[in-house]
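# Observations on the three-dimensional arrangement
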Amino acid sequence: MSEKQEMKTDAKLSTDATDAPAQMEPLMVSKTDASEIPMGNSSGEEGAPTGFVDKMIAQHCSSNPEFFQQAFKFAMCFCGLQLSYLTWGIMQELIMTREFNPTDTAPDGRFPSAAFVVFSNRFLAVLVAMIAVRIKHGAVFSNNKAPLIAFTPCALSNTMSSWSQYASLKWVSFPVQTVFKSSKIIPVMIMGKMLKGTSYPWGQYVEALFITLGVAVFSVASKSSDSDTATEFWGVLFLLLYISFDSFTSQWQDRVYTKYGRENVDPYQMMLGVNSSAICITIAGLIISGDFPKVYDFFLANPNCLWFNVVTAITSASGQLCIFYTIKEFGPIVFTIIMTTRQMISITISAVLFGHEITAVALLGALLVFSVLFYQIRRKYYARQAKKQAAPNLAQK
């Protein structure tokens with residue numbers, strides 16, 4: 001493979017794999033056009049302070065106001081993403097693993113419907129997306145180039161991936177789930193090949209192999225006893241469903257961007273389109289399964305569980321908005337670093353709060369996974385820098 005071809009395939013994978021951390025969250029998003037410079041100035045005119053905070057910084061830090069403005073924005077992005085998704089992770093584990101007061105329809109005291117958790121997330125996300133699209137485009141649906149039906153396939157897969165993710169927590173711990181989800185680079189590559197004909201260099205397959213190996217070591221070493229084998233089978237099955245559906249979602253979203261033009265479909269319209277279709281799917285599923293009465297009875301007996309669902313929905317929506325803003329201001333590389341760090345922090349918090357035992361062998365497996373992830377971040381950063389440096393030379397020719 002020539003250097004030019006390798007750069008081209010790496011750029012394609014970068015579009016797919018850079019979004020991986022975002023795909024681990026309630027709604028998958030594709031990156032917007034953004035500056036790749038981690039601390040680049042993204043305000044209107046260079047050096048012109050806009051907003052109350054920028055003016056205050058310019059007034060008190062006159063020596064280098066641009067740096068402090070960007071540093072403040074980065075701190076807000078970092079804290080916003082960490083707070084949103086660390087809280088979201090804790091809440092989802094509380095909802096799906098804690099034993100509440102039993103009811104007639106849930107005698108074991110476990111929350112009876114993973115689909116309702118998905119529904120609550122989608123309901124608030126639709127409201128937030130409608131407000132964002134209305135503010136940015138002046139109308140909710142009339143100015144959208146892509147019809148809602150275009151988002152239905154990825155809305156269905158997004159709903160199924162979220163449902164599988166919540167359901168898996170009945171059988172596997174949150175640390176196992178978090179590390180396991182990192183292995184979805186392989187199905188992402190397979191879906192990219194099937195849906196878009198994307199080709200990847202051999203180095204990407206080696207990275208995927210090491211990530212999968214690390215996930216396998218962490219999962220096996222985290223099993224507390226041989227009696228867990230049967231229950232962990234169902235947990236792993238749900239996680240396999242999660243990464244399969246999730247991989248399809250991101251690739252289909254990219255098809256929507258390609259078909260209707262990235263300039264015609266922004267992330268907020270994507271958020272609205274996916275969640276509008278997804279909420280119809282989840283409502284239909286809840287009606288068919290008869291889960292609404294079960295959940296209602298459960299909330300009457302356990303009102304604190306209702307608040308857990310509310311907090312999960314709020315942090316899901318706030319996290320999505322933080323994703324959009326972080327990628328817009330600092331690019332996907334910085335965003336990926338923040339979210340990879342968040343994974344490690346969430347595993348630690350979950351182990352402390354819920355008493356999950358993580359052995360030395362499991363830690364080695366997790367270390368292998370995150371080492372490869374940070375290597376990918378580094379490789380993509382240098383690939384983008386090389387692409388930028390090559391662009392002026394090609395223009396001159």
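This report concerns the structure included in the present document. (Residues numbered from 1 in each chain as written. Predicted model: local features only at pLDDT ≥ 70, side-chain atom pairs only at ≥ 80, totals over all residues. Heavy atoms only, no water.)

### Quick word on the packing of aromatic side chains
Definition in use: Working definition: a ring pair exists when centres of Phe, Tyr or Trp rings (six-membered ring for Trp) sit within 6.5 Å. Plane angles under 30 degrees give stacked, over 60 give edge-to-face, the rest tilted.
Following the criterion strictly, the structure yields 15 aromatic pairs and no others. Among the aromatic residues, ring-to-ring pairing joins Phe100, Phe111, Phe116, Phe119, Phe123, Phe292, Phe298, Phe299 and Phe308 into one connected group.

### Thoughts on the packing of helix H5 (residues 114–137) against helix H6 (residues 152–168)
Selection criterion: Only the stretch in contact is used when fitting a helix axis, every axis being a line fitted to C-alpha atoms; angles between N-to-C directions are given from 0 to 180 degrees. Here a strand is any run of E in DSSP of at least two residues, a helix any run of H or I of at least four, and the numbering for each starts at the N terminus. If an angle is under 35 degrees, it is roughly parallel; if it is over 145, roughly antiparallel; if it lies from 65 to 115, roughly perpendicular; otherwise it is oblique. Working rule for handedness: look at the near helix, and if it is turned counterclockwise from the far one by less than a right angle, call the crossing left-handed; if clockwise, right-handed. In what follows, a contact means two residues having at least one pair of non-hydrogen atoms within 4.5 Å. Just so you know the grouping, Ala, Val, Leu, Ile, Met, Phe, Trp, Tyr, Cys and Pro go in nonpolar, Asp, Glu, Lys and Arg go in charged, and all remaining residues, Gly too, go in polar.
Following both chains from N to C, one finds H5 and H6 inclined at 125 degrees, their axes separated by 8 Å at the closest point. Accordingly, the angle class assigned to the pair H5 and H6 is oblique. Considering how the two elements wind past one another, H5 and H6 form a crossing that is right-handed. Across the interface between the two elements, Ala114, Ala115, Val117, Val118, Asn121 and Arg122 of H5 pack against Asn158, Thr159, Ser162, Trp163, Tyr166 and Ala167 of H6. Grouping the amino acids of the contact of H5 with H6 by side-chain chemistry returns seven nonpolar, four polar and one charged.

### Quick look at helix H11 (residues 267–289)
Put simply, the rule reads: Helix span is expected to be 1.5 Å times the residue number reduced by one.
Taking 1.5 Å per residue as the helical rise, H11 with its 23 residues ought to reach 33 Å, and the 32 Å between its terminal C-alpha atoms agrees with that figure. The positive-phi residue at the C-terminal boundary of H11 is Gly290, with phi of around 70 degrees.

### Some details on the environment of Leu364
To keep it simple, the criterion reads: Here's how the labels work: a residue is buried when its accessible area is under 20% of the maximum for its type, exposed when over 50%, partly exposed in between, all with a 1.4 Å probe on protein chains only.
With respect to the helices, strands and loops of the structure, Leu364 is situated in helix H14 (residues 360–396). Judged by relative accessible area, Leu364 falls into the exposed class, the value being 57%. Between the C-alpha atoms of Leu364 and Gly214, which are 150 residues apart in sequence, the distance is 7.6 Å.

### Side note on the packing of H11 against helix H12 (residues 291–301)
Packing of H11 against H12 leaves a shortest axis separation of 6 Å and a crossing angle of 85 degrees. It follows from the interaxial angle that H11 and H12 lie roughly perpendicular. Each of Ile283, Leu286, Ile287 and Ser289 in H11 lies in contact with H12, whose residues at this interface are Asp291, Phe292 and Lys294. Taken together, the residues that form the contact of H11 with H12 break down as four nonpolar, one polar and two charged.

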